[in-house]
Amino acid sequence: RGYLSLKGLASWVVDTAKRVKFLADWNNNGPPERYWVPGFFFPQGFMTALLQSYSRSQKVPIDEVQFKTLVGHEEGDGETRAHGAYSYGLFLEGAGWDPAGHHLCESSPSELFISMPDVYLKPVSTPPQHLTPVHACPLYKVSSRAGMLSTTGLSTNFVLSVDLPSGDHAATHWVLRGAALLCMLDE
């Protein structure tokens, strides 16, 4: 069995070659500065590993650890970087992204998907305090947003919820728009 994908054969082969190159570079050169989360067969495992690593180093129960997300920002010190990860290669559907204001915005006409800037996933042991409203944006592996129910009780297609600042709109606006992050497009 291969990884979950809705791509045609030609696109799937190109995507598979990119995955092999990403993993080979990691193996040959050590951990990358930025992780291509869509390149993982099971991205949920990578997310869990980040949380477990932080949990063990800080001696806090893993059930009390969650992600604080920063989009398009640079996280300064190396100690903080040791526990989190920059991810790239995600796509946003149902909304746009305002790079100046660092929040969701309406998508441009005829624009179904946009490439997201890097997303920094920072494990924290206290719930993140949001100064502005956020949309708990679901991250899916593929655009169908459907999958089989796994032993964890979650869909095999669902990765995690990413808190994205909702800008001038309430979070419900983006829920009704169907805003979601995707690991890969169908083409």
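Scroll up to find the structure.
Let me sum up the structure you'll find in this document. This one's a predicted model, so the numbers in the text were calculated from it and none came from an experiment.

### A closer look at the overall build of the protein chain
Okay, step 1: In terms of regular secondary structure, the protein chain is built from four helices and eleven strands.
Okay, step 2: Out of the 187 residues belonging to the protein chain, those deemed buried represent 39%.
Okay, step 3: As presented, the protein chain carries roughly 10,500 Å² of accessible surface, and 57% of it is formed by carbon and sulfur atoms.
Okay, step 4: For the protein chain, the centre of its 14 positive side-chain charges and the centre of its 18 negative side-chain charges are spaced 7 Å apart.

### What about the pattern of salt bridges?
Okay, step 1: Tallied over the full model, the rule gives four salt bridges.
Okay, step 2: A salt bridge links K21 to D25; the shortest N-O distance between them is 2.7 Å. Taken as a pair, K21 and D25 lie in helix α1 (residues 9-29) at a separation of four residues, close to a single helical turn.
Okay, step 3: On the basis of relative accessible area, D25 is assigned to the partly exposed category, the value being 32%.

### A short note on the pairing of strand β9 (residues 134-140)
Okay, step 1: The buried count for β9 comes to five of seven residues, which makes it a mostly enclosed element.
Okay, step 2: Where β9 lies against strand β10 (residues 158-165), seven bridges are found, and the strand directions are antiparallel. Of the residues in β10, the one forming a bridge with C137 is V162.
Okay, step 3: Relative to strand β11 (residues 180-182), β9 runs parallel, the two being bridged by two bridges. Across the sheet, the residue bridging to L139 is L181, located in β11.

### A closer look at the nonpolar core
Okay, step 1: Formed by 34 residues in total, the largest nonpolar core has its most connected members in F46, M47, L92, M116, L139, L164 and L181.
Okay, step 2: Only α2 (43-58), β2 (66-71), β8 (119-124), β9 and β10 provide two or more residues apiece to this core.
Okay, step 3: In terms of residues, this core owes the most to one element, α2, which gives five residues.
Okay, step 4: Residues in contact with M116, not counting those within four places in the same chain, are V71, L90, F91, L92, W97, L164 and L181.
Okay, step 5: Within the second largest apolar cluster, six residues are counted, among which are F91, Y140, A180 and L182.

### Quick notes on the state of the cysteines
Okay, step 1: Tallying each qualifying case throughout the model produces zero disulfides.
Okay, step 2: C105 carries a free sulfur, and the closest cysteine sulfur to it, the one in C137, is 13 Å from it.

### Some remarks on the packing of aromatic side chains
Okay, step 1: Summed over all chains, the structure comprises ten aromatic pairs.
Okay, step 2: Ring geometry for Y35 and F46: centres 4.9 Å apart, planes at 45 degrees, overall tilted. Residue Y35 is located in strand β1 (residues 34-35), and its partner F46 is located in helix α2; the two are separated by eleven residues in the primary sequence.
Okay, step 3: Accessibility expressed as a relative area gives 12% for Y35, which makes it buried.
Okay, step 4: Its relative accessible area of 12% is what places F46 among the buried residues.
Okay, step 5: Seen in terms of ring centroids, Y140 and F158 are 6.0 Å apart; in terms of plane orientation they differ by 70 degrees. Their pairing is edge-to-face.

Conventions and cut-offs
- Residues numbered from 1 in each chain as written.
- Predicted model: local features only at pLDDT ≥ 70, side-chain atom pairs only at ≥ 80, totals over all residues.
- Heavy atoms only, no water.
- Helix = DSSP H or I, 4+ residues; strand = E, 2+ residues; numbered from the N terminus.
- Buried < 20%, exposed > 50% of the residue type's maximum accessible area, 1.4 Å probe, protein only.
- Areas by Shrake-Rupley, 256 points an atom, 1.4 Å probe, with all protein chains shown as cover.
- Lys, Arg positive; Asp, Glu negative; His and termini not counted.
- Charge placed at Lys NZ, Arg CZ, Asp CG, Glu CD.
- Salt bridge = Lys/Arg side-chain N within 4 Å of Asp/Glu carboxyl O.
- Pairing = 2+ DSSP bridges.
- Core = buried A, V, L, I, M, F, W, Y, C linked by side-chain atoms within 4.5 Å.
- Contact = heavy atoms within 4.5 Å.
- Disulfide = S-S within 2.5 Å.
- Phe/Tyr/Trp six-rings, centres within 6.5 Å; stacked < 30°, edge-to-face > 60°.

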